[in-house]
Amino acid sequence: MSKVIFITGASSGIGKAAAILFAQRGWNVAATMRHPEKETELTQYPTIKLYTLDVTQSASVDQAVLQVLQDWPRVDVLLNNAGYGLVGPLETASEEKIMEQFQTNLFGAMRTIKALTPHFRETGGGTIINVTSIGGLVGLPFNSIYHATKFGLDGLSESLKFELSPFNIRVKVVAPGGVVTDFATRSLKQTMEGASVYDEYLQKVFAAFGKRGGNYSTGEQIAEVIYTAATDGLDQLRYVAGDDAKRLYAQWKAISNEEFFTMIQQGYGLSE
């Protein structure tokens, strides 16, 4: 019987690329999103079924899991992919925007994990893959709230790895760098509206981020890493995905924190 993967945030980017890749390789795919009625591409694949899911709502998570388990007796992999980026100074972020970021990027993953863990335990095991970011391992300027959610998801995953291993439930993290999707448009929000005292520094930082764009991965490339994590049978926690992410992470590990921080300050024009 074909294996089943449950994917959050499957309407675009990495999530959609993963849904298609797993379907092409013989898996059944529960592709969840807030508005499945708007989806047309994934409906072309007979082994992909669409489900309504808003990860910020516990009732929506429970209902989606219930529906999926009615359609398939076993889910083998949970892929927590739903997320977006909130950028800008912490000082200018409203309480509402901060909470929205945490509800989607961190609390949403907690909800799906809680909902599917009993199923994994009762059926003899499974795999949980959380899509974090290189921003869950390394901090960069003006991404403090986003980093807080992704560092949090990485820490959650590391602890759960030990917590769930007695039940044959593997926990893994895929940490991409920049991805050529609509993440930088549809899935990117700013903490501030209008001018602020941070404008000069923001312009320098955004310019530096812009120069990195040529090194970004495609959603399909990240989906390949996710597929590897789901199928390699290894007890490996972190999969850093994308050349830019691997390069930055290698730099972070190779030098002292102080040297790394100086490099970032200089590279993003914040040392003047």
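What you see is a predicted model, and the numbers here were worked out from it, not measured in a lab.

A word on the environment of Thr-47. Position of Thr-47 among the secondary structure elements: in the loop between β2 (28-33) and β3 (48-52). Remark: the alpha-carbon pair of Thr-47 and Ile-5, spanning 42 residues in sequence, is separated by 11 Å. Once residues lying within four places of it in the same chain are set aside, the contact partners of Thr-47 are Ala-23, Trp-27, Asn-28, Val-29 and Trp-72.

All right, on to helix α4 (residues 144-164) then. Taking 1.5 Å per residue, 21 residues should reach 30 Å; α4 reaches 29 Å between its end C-alpha atoms and fits that length. Looking only at α4, the buried set comprises Ile-145, Tyr-146, His-147, Thr-149, Lys-150, Leu-153, Asp-154, Leu-156, Ser-157, Leu-160, Lys-161 and Leu-164. In the core, the buried residues of α4 are packed alongside β5 (85-87), α3 (95-122), β6 (126-131), β7 (169-176) and β11 (238-241).

Applying the stated criterion across every chain yields a total of seven aromatic pairs. Between Phe-142 and Tyr-198, the ring centres sit 6.0 Å apart and the planes meet at 85°, which makes this aromatic pair edge-to-face. Separated by 56 residues along the polypeptide, Phe-142 in the loop between β6 and α4 and Tyr-198 in the loop between β9 (188-190) and α5 (199-211) bring together distant segments of the chain. The exposure class assigned to Phe-142 is buried, which follows from its relative accessible area of 15%. When the ring of Tyr-249 is compared with that of Trp-252, the centres are 5.8 Å apart and the planes differ by 10°; the resulting orientation is stacked. Within this pair, Tyr-249 and its partner Trp-252 are both found in helix α7 (residues 243-254), separated by three residues, close to a single helical turn. The class of Tyr-249 is buried, set by a relative accessible area of 17%. Taken together, the ring pairs connect Phe-22, Trp-27 and Tyr-227 into an aromatic cluster.

The interhelical angle for the contact between helix α1 (residues 13-24) and helix α6 (residues 219-231), taken along N-to-C directions, is 60°, at an axis separation of 8 Å. In terms of axis orientation, α1 runs oblique to α6. Handedness of the α1/α6 crossing: right-handed. Residues Ile-14, Ala-17, Ala-18, Leu-21 and Phe-22 of α1 form the contact with α6, whose own contacting residues are Gly-219, Glu-220, Ile-222, Ala-223, Glu-224, Ile-226, Tyr-227 and Ala-230.

Let us look at empty space enclosed by the protein. Tallying each qualifying case throughout the model produces one cavity of 30 Å³ or more. By volume, the largest cavity is sized at about 70 Å³. As for the largest cavity, its lining consists of Thr-8, Val-55, Asn-80, Asn-81, Ala-82, Thr-104, Asn-105, Gly-108, Ala-109, Val-131, Lys-150 and Leu-153. For the lining of the largest cavity, the per-class residue count stands at five nonpolar, six polar and one charged.

In this section: the side chain of Asn-105. Tracing the backbone through its elements, the reader meets Asn-105 in helix α3. Judged by its relative accessible area of 2%, Asn-105 falls in the buried class. A polar side-chain atom of Asn-105 sits 3.3 Å from a polar atom in the side chain of Thr-149.

Before going further, it helps to spend a moment on the pattern of salt bridges. By the definition in use, this model includes nine salt bridges. Close ionic contact of Glu-224 with Arg-25 constitutes a salt bridge, the shortest N to O distance being 2.8 Å. Of the two residues, Glu-224 is situated in helix α6 and Arg-25 in the loop between α1 and β2; the sequence distance between them amounts to 199 residues. Relative accessible area serves as the criterion here: at 33%, Glu-224 is assigned to the partly exposed category. Close ionic contact of Asp-232 with Lys-172 constitutes a salt bridge, the shortest N to O distance being 2.8 Å. With Asp-232 in the loop between α6 and β11 and Lys-172 in strand β7, the pair connects residues that are 60 residues apart, well separated along the chain. For Asp-232, a relative accessible area of 25% translates into the label partly exposed. Several salt bridges share partner residues, and in doing so they unite Lys-16, Glu-39 and Glu-41 into one network.

Before going further, it helps to spend a moment on the sheet that holds β3. Pairing within the open sheet is parallel, and its seven strands lie in the order β3-β2-β1-β4-β6-β7-β11. Each end of this open sheet is capped by a strand with a single partner; those strands are β3 and β11. Averaged over all neighbouring strand pairs, the angle between strand axes comes to 20°, with direction disregarded. Against the sheet, α4 contacts β6, β7 and β11, and its axis sits at roughly 155° relative to β7. Each of β7 and β11 is contacted by α7, which is oriented at about 115° to β11, the strand it contacts most.

Each value, and the rule that gives it
Residues numbered from 1 in each chain as written. Predicted model: local features only at pLDDT ≥ 70, side-chain atom pairs only at ≥ 80, totals over all residues. Heavy atoms only, no water. Helix = DSSP H or I, 4+ residues; strand = E, 2+ residues; numbered from the N terminus. Contact = heavy atoms within 4.5 Å. Expected span 1.5 Å × (residues − 1). Buried < 20%, exposed > 50% of the residue type's maximum accessible area, 1.4 Å probe, protein only. Phe/Tyr/Trp six-rings, centres within 6.5 Å; stacked < 30°, edge-to-face > 60°. Axes fitted to C-alpha atoms, helices over the stretch in contact; angles between N-to-C directions. Parallel < 35°, antiparallel > 145°, perpendicular 65-115°, else oblique. Left-handed = near helix turned anticlockwise from the far one by under 90°. 1 Å grid on protein atoms, 1.4 Å probe; cavity = no way out; pocket = protein on both sides within 12 Å on 5 of 7 lines; lining within 4 Å. Points joined across faces, edges and corners; volume = space filled by probe spheres on them. Nonpolar A, V, L, I, M, F, W, Y, C, P; charged D, E, K, R; others polar. Polar contact = N/O pair within 3.5 Å; in protein donor to acceptor, adjacent residues only side chain to side chain. Salt bridge = Lys/Arg side-chain N within 4 Å of Asp/Glu carboxyl O. Pairing = 2+ DSSP bridges.

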